[in-house]
Amino acid sequence: MSTYKRNNVYDYVYHDVIDVYEDAYISGVYEPVPKSFPAVFIREIGRSTQESSVTFSGEQGVKISTYEVQVQTNAENSSMSDAYSIMETVEKSFQKLFYIQTAMNKIDDGTYGTYRLVGTFRRVVGNADQIPERGE
C-alpha cells in the first residue's frame, strides 16, 4: 500500500486503463493534439486542506483531492461509445480508490474529428489513508 500522493493515484489509474486499452496514450499533461488515440489525460486539479476537519486519529488538516480526466478518441477510427467505455474504466479505477465522480461532460461530439469527454473525481484524503493494492 502507498499513500494518496499525486503520482500514486496517477499510476493506479494508468495501470487499470492500460490493462484494458493497451494502445491508449496516457499523460498527466493535457495536449490539444495528442500523439495518438485513444488519449487519456489524468491530472490533479485541486488538493485543498480542510483545517477545520479532524480524522478519526485526531489529526487535523485532511485534504480534498480532485482529479480531472479527459478522454479523446479519433472519429476516423473509433466512436463516441469507445470514449465512454474508456471513461467507464477510469471511473471504476477511481471508485476503487474511493473517489466519487462529481461531473462528466461531453466536450466534442465528433464534429471536428474527435470525441472528448471530461470527468471530475473527488474524495477526502486523511493523513493515514492508504491506496489499496491493485486487484483488491
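Keep in mind that this is a model prediction, so the values were computed, not measured.

Draft legend 1. Main features of the nonpolar core. With 26 residues, the main nonpolar core has Val40, Ile42, Val69, Val90, Phe94 and Tyr99 as its most contacted residues. The leading source of residues in this core is helix H2 (residues 80-96), at 6 residues. For Phe94, the residues in contact, after removing those within four places along its chain, are Val9, Val13, Ile42, Tyr67, Val69, Tyr99 and Phe121.

Draft legend 2. Summary view of the packing of aromatic side chains. On inspection of all chains with the given rule, the structure shows 7 aromatic pairs. Ring geometry for Phe94 and Tyr99: centres 5.2 Å apart, planes at 75°, overall edge-to-face. In this pair, the class of Phe94 matches that of Tyr99, namely buried. Between the aromatic rings of Phe94 and Phe121, the centroid separation amounts to 4.5 Å while the plane-to-plane angle is 5°, which identifies the pairing as stacked.

Draft legend 3. Representation of unusual backbone geometry. Between Phe37 and Pro38 the backbone carries a cis peptide bond, its omega angle lying at -5°. In this structure, Pro38 sits in the loop between strand E2 (25-27) and strand E3 (39-54). You will see that Phe98, though not glycine, has its phi angle at about 70°, which is positive. Turning to its location among the elements, Phe98 is positioned in the loop between H2 and strand E5 (100-109).

Draft legend 4. Spotlight on the pattern of salt bridges. Evaluation of the coordinates by the stated rule reveals 7 salt bridges. In this structure, Lys96 engages Asp16 in a salt bridge whose closest nitrogen and oxygen atoms are separated by 2.9 Å. Here Lys96, found in helix H2, pairs with Asp16, found in helix H1 (residues 6-20); they are 80 residues apart in sequence, far enough to count as distant. Residue classification places Lys96 among the partly exposed positions, given a relative accessible area of 31%. Among the charged side chains, a salt-bridge network with shared partners connects Asp16, Asp19, Lys96 and Arg134.

What counts, and where the lines are drawn
Residues numbered from 1 in each chain as written. Predicted model: local features only at pLDDT ≥ 70, side-chain atom pairs only at ≥ 80, totals over all residues. Heavy atoms only, no water. Core = buried A, V, L, I, M, F, W, Y, C linked by side-chain atoms within 4.5 Å. Buried < 20%, exposed > 50% of the residue type's maximum accessible area, 1.4 Å probe, protein only. Helix = DSSP H or I, 4+ residues; strand = E, 2+ residues; numbered from the N terminus. Contact = heavy atoms within 4.5 Å. Phe/Tyr/Trp six-rings, centres within 6.5 Å; stacked < 30°, edge-to-face > 60°. Salt bridge = Lys/Arg side-chain N within 4 Å of Asp/Glu carboxyl O.

Any functional reading would require information beyond the geometric quantities listed.
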